[in-house]
Amino acid sequence: LVRAEIFTVKAISQQTPNPGEANTLTVTLASNVALAAATKITLTGLTGSMRTSTNSLLIVDVGGTGAAAIFGGAGVWFRNAGTLTLQVAVGQEFTANTAYVFSFSLVNPATSQAARSVSVSATGSAVSIASAPMSVDPLCLPARG
């Protein structure tokens with residue numbers, strides 16, 4: 001048997017649901033396989049943000065997990081698509097069975113919107129993790145956020 005490559009932990013929460021406010025989102029990820037340098041991890045479903053697209057959205061390490069270094073401190077944010085793509089940096093490895101926690105900031109839409117379904121996937125030369133929904137803390141991502 002070949003075991004499926006999956007994210008064993010995939011959670012997201014937000015700091016505030018209030019319309020028009022800067023919002024820090026916190027993500028926790030762990031996979032059952034190592035992800036080598038150049039592997040891309042993509043979060044999808046983050047639509048509605050007013051944060052403009054950028055090739056260098058700041059990624060902040062949370063709890064000393066080393067996530068910011070793993071991703072070179074930044075990700076690629078596409079506003080219209082609602083995607084954040086992180087790439088495992090040269091000389092780094094996303095170690096199997098290790099939880100990495102990081103945060104990034106977006107800006108909530110000017111008006112309330114229904115909660116979004118956020119998914120995560122990974123692709124690289126030696127790995128392919130299919131898109132799967134992230135778990136959401138209902139207290140942190142209310143329907144008006």
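Provided above is the structure to which this section pertains.
Presented here is a report on the structure given in the accompanying data block. (Residues numbered from 1 in each chain as written. Predicted model: local features only at pLDDT ≥ 70, side-chain atom pairs only at ≥ 80, totals over all residues. Heavy atoms only, no water.)

**A look at the nonpolar core**
Now for step 1: The biggest cluster of nonpolar side chains holds 30 residues, and the ones touching the most others in it are Leu 35, Phe 94 and Phe 104.
Now for step 2: Secondary-structure elements contributing two or more residues to this core are strand S1 (7-14), strand S2 (22-31), strand S3 (40-44), helix H1 (67-70), strand S7 (83-87), strand S8 (100-107) and strand S9 (119-123).
Now for step 3: Broken down by element, the residue count for this core peaks at four residues, all from S8.
Now for step 4: Non-local contacts of Phe 104, meaning those with residues more than four positions away in its chain, are made with Asn 23, Thr 24, Leu 25, Val 27, Leu 43, Leu 46, Leu 57, Leu 58, Ile 59 and Leu 84. (Core = buried A, V, L, I, M, F, W, Y, C linked by side-chain atoms within 4.5 Å. Buried < 20%, exposed > 50% of the residue type's maximum accessible area, 1.4 Å probe, protein only. Helix = DSSP H or I, 4+ residues; strand = E, 2+ residues; numbered from the N terminus. Contact = heavy atoms within 4.5 Å.)

**Brief notes about the packing of aromatic side chains**
Now for step 1: The final tally for this structure, using the stated rule, is five aromatic pairs.
Now for step 2: Look at Phe 71 and Phe 94: their rings are 6.2 Å apart centre to centre, the planes differ by 40°, and that puts the pair in the tilted class. Linking Phe 71 in the loop between H1 and strand S6 (74-78) with Phe 94 in the loop between S7 and S8, this pair joins segments that are 23 residues apart in sequence. Here the two residues Phe 71 and Phe 94 agree in accessibility, since each one is buried.
Now for step 3: Each member of the aromatic cluster is reached from another via a ring pair, and the members are Phe 7, Phe 71, Phe 94, Tyr 100, Phe 102 and Phe 104. (Phe/Tyr/Trp six-rings, centres within 6.5 Å; stacked < 30°, edge-to-face > 60°.)

**Section: the pairing of strand S10 (residues 128-133)**
Now for step 1: Both S9 and S10 contribute to a ladder of four bridges, which runs antiparallel. Paired with Thr 123 across the strands is Ser 128, a residue of S10.
Now for step 2: In sequence, S9 turns back onto S10 through a hairpin of four residues. (Pairing = 2+ DSSP bridges.)

**Section: the environment of Asn 55**
Now for step 1: Following the sequence through the fold, Asn 55 ends up in strand S4 (residues 54-58).
Now for step 2: Residue classification places Asn 55 among the exposed residues on the basis of a relative accessible area of 64%.
Now for step 3: With eleven residues separating them along the chain, Asn 55 and Thr 44 place their C-alpha atoms 16 Å apart.

**Observations concerning unusual backbone geometry**
Now for step 1: A positive phi angle, close to 80°, is found at Ala 38, a residue other than glycine.
Now for step 2: Tracing the sequence through the fold places Ala 38 in the loop between S2 and S3.
Now for step 3: The class of Ala 38 is partly exposed, set by a relative accessible area of 46%.
Now for step 4: Of note in the backbone geometry, Asn 97 takes a positive phi value of approximately 60° without being a glycine.
Now for step 5: Its location among the elements puts Asn 97 in the loop between S7 and S8.

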